[in-house]
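# Structural overview
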Amino acid sequence: MRSMITADPATNDARTTQGQPDHAPPSDRRTRTRSAVVRRVSMAACLFVAACGGAEDSGDPEPTAWKDMSFEQRVTYMNSDVLPRMKEVFVAYDPAFETMDCTTCHGADGATRAYAMPSPAIAVLPDTEEGFLEYVQDPEHPERAEWSTFMFEKVVPEMASLLQRVQYDPTTGNGDFSCNNCHTLGSVKP
Ligand code: HEC
Ligand code: HEC
């Protein structure tokens, strides 16, 4: 079976799929919004493989495009652009991320692993839609839905944009950047 972990790093034109409304609605609406989001998150996490044809999409020929950077240029860009911007995004979610650095995404051994992604240092996510729905709605882990919504609405779009890639949109099948570009997928015990 083809795994999402081995997703082809094809690039696309940068586009954003943002425009999410602020959410502090009454609790019943919040619940409905939440479960709709959880379903979309789940699809993004699990149906990504359908969108991953391995095609050679031609990205916009930008002078400093991520895909054309050397390894050294990528290190520089991660320092100058990615880390500062992603730190802002994470700190807005939880001030504890003020100490965010390369290891938050790449792990303590990131440098020795040549910063290969996905990262074994962060949570393994379930590799099936059923598994993901269970995982994210586990009553013993109410924080997982919050985390996943934050990831889907903020982290994935921002990271995709920084890398001039397109967030995978489960409703259209467009894009190829998703959860599995950072998280490994596998079987996850409840
Ligand atoms: C918010 C998460 C995040 C943080 C923080 C982060 N990175 Fe990355 N990094 C990524 C992702 C995602 C990729 C993979 C991009 C892709 O799919 O091509 C990546 C890729 C890389 C690559 C390219 C690896 C390759 O195979 O070409 C290097 C080098 C790198 N990061 C270095 C760093 C350094 C150095 C820091 C700290 C200054 C850092 N990263 C911080 C998410 C992060
Ligand atoms: C740019 C990299 C990146 C992408 C893309 C990403 N995540 Fe994350 N995610 C992280 C990092 C880093 C953490 C760990 C934060 C910490 O140190 O606690 C995390 C944590 C989580 C957690 C909390 C796990 C726990 O420890 O309980 C969940 C759940 C999660 N992510 C789900 C997702 C989902 C679902 C997607 C796709 C919609 C996604 N993530 C996309 C980087 C990423």
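The structure displayed is predicted, hence computed values, not measured ones.

Cut-offs applied
Each chain carries its own residue numbering, running from 1 in the direction its sequence is written. Note on labels: chains are lettered from A, ligands numbered from 1, in written order. Two thresholds apply to this predicted model, a pLDDT of at least 70 for residue-level local features and 80 or more for giving and counting side-chain atom pairs, whereas whole-chain, interface and lining totals are computed over all residues. Only DSSP runs of H or I with at least four residues qualify as helices, and only runs of E with at least two residues qualify as strands; both kinds are numbered from the N terminus onward. For every residue, the other C-beta atoms within 10 Å of its own C-beta are counted; 20 or more classify it as buried, 12 or fewer as exposed, and values in between as partly exposed. C-beta atoms are placed from the backbone. Nearness here is judged by the C-beta atom: place it from the backbone, and if it falls within 6 Å of a molecule or strand, the residue counts as near that partner. Here the nonpolar group is Ala, Val, Leu, Ile, Met, Phe, Trp, Tyr, Cys and Pro; Asp, Glu, Lys and Arg are the charged ones; every other residue, Gly included, is treated as polar. The term nonpolar core means buried Ala, Val, Leu, Ile, Met, Phe, Trp, Tyr and Cys residues held together as one set by C-beta atoms within 7 Å. Throughout, an axis means a line fitted to C-alpha atoms (over the contacting stretch in the case of helices), and angles, computed between N-to-C directions, take values from 0 to 180 degrees. Working rule for angles: under 35 degrees goes down as roughly parallel, over 145 as roughly antiparallel, 65 to 115 as roughly perpendicular, anything else as oblique. Here a crossing is called left-handed whenever its near helix is offset anticlockwise from the far helix by less than a right angle, and right-handed whenever the offset is clockwise. Contacts here follow a simple rule: the backbone-placed C-beta atoms of the two residues must lie within 7 Å. Per residue, pLDDT captures the predictor's confidence, and it can take any value from 0 to 100. Given a helix with a known number of residues, its expected span is that number minus one, times 1.5 Å. The angle between axes fitted to the seven residues ending at a residue and the seven residues starting there is what we call the bend at that residue.

## Describing the overall build of the protein chain
When you go through the protein chain residue by residue, the secondary structure sums to six helices and two strands. Seen in sequence order, the protein chain has helices and strands lined up from the N terminus as α-α-α-α-β-α-α-β. Relative to its 190 residues, the protein chain shows a buried fraction of 24%.

## Let's talk about the site of ligand 1
Taken together, 20 residues lie around ligand 1, and Met78, Met86, Cys102, Cys105 and Tyr115 are the ones closest in. Those elements that provide at least two residues to the shell around ligand 1 are α3 (71-93) and α4 (102-106). By residue number, the principal contributor to the shell around ligand 1 is α3, which donates eight residues. Here the shell around ligand 1 is composed, by residue class, of 15 nonpolar, four polar and one charged.

## A word on the nonpolar core
Within the largest apolar cluster, 24 residues are counted, with the highest numbers of intra-cluster contacts made by Ala44, Ala45, Val156, Met159, Ala160 and Cys179. Looking at this core, the elements that each hand over two or more residues are α1 (27-46), α3, α5 (129-137) and α6 (143-162). The biggest single contributor to this core is α6, with six residues.

## Quick look at the site of ligand 2
The immediate surroundings of ligand 2 are formed by 21 residues, with Ala123, Trp147, Met151, Cys179 and Cys182 found nearest. If you list the elements that add at least two residues to the shell around ligand 2, you get α1, α4 and α6. Here the shell around ligand 2 gets eight residues from one element, more than from any other, and that element is α6. Across the shell around ligand 2, the residue classes tally to 15 nonpolar, five polar and one charged.

## Remarks on the packing of α3 against α6
α6 packs onto α3 with a crossing angle of 170 degrees between their chain directions and a minimal axis gap of 10 Å. One finds that α3 runs roughly antiparallel with respect to α6. Classified by chirality, the crossing of α6 by α3 is right-handed. In this structure, α3 uses Asp81, Val82, Arg85, Met86, Val89 and Tyr93 to contact α6, whose residues at the interface are Phe150, Lys154, Val155, Glu158, Met159 and Leu162. Across the contact of α3 with α6, the residue classes break down as eight nonpolar, no polar and four charged.

## Some remarks on the confidence of the model for the protein chain
Predicted confidence across the protein chain gives a mean pLDDT of 81, with 73% of residues reaching 70 or more. Ranking the elements of the protein chain by mean pLDDT puts helix α2 (residues 48-51) last with 48 and α4 first with 98. In the model, residues 49-56 has pLDDT below 50 throughout and makes 14 contacts with residues more than four positions away in sequence or in other chains.

## Brief notes about the environment of valine 37
Note that valine 37 resides in helix α1. Separated by 108 residues in sequence, valine 37 and alanine 145 have C-alpha atoms that sit 9.2 Å apart. Not counting residues within four places of it along the chain, the set of residues in contact with valine 37 comprises Thr149 and Phe152.

## Some points on α6
Each turn of an α-helix holds 3.6 residues, which means side chains three or four residues apart point in the same direction. With 20 residues, α6 extends 27 Å between its outermost C-alpha atoms, agreeing within 8% with the 28 Å of an ideal straight helix rising 1.5 Å per residue. The sharpest bend along α6 measures roughly 40 degrees and falls at methionine 151. Residues of α6 that are buried include every one of Ser148, Met151, Phe152, Val155, Val156, Pro157, Met159 and Ala160, and no others. At the C-terminal side of α6, glutamine 164 shows a positive phi close to 50 degrees.

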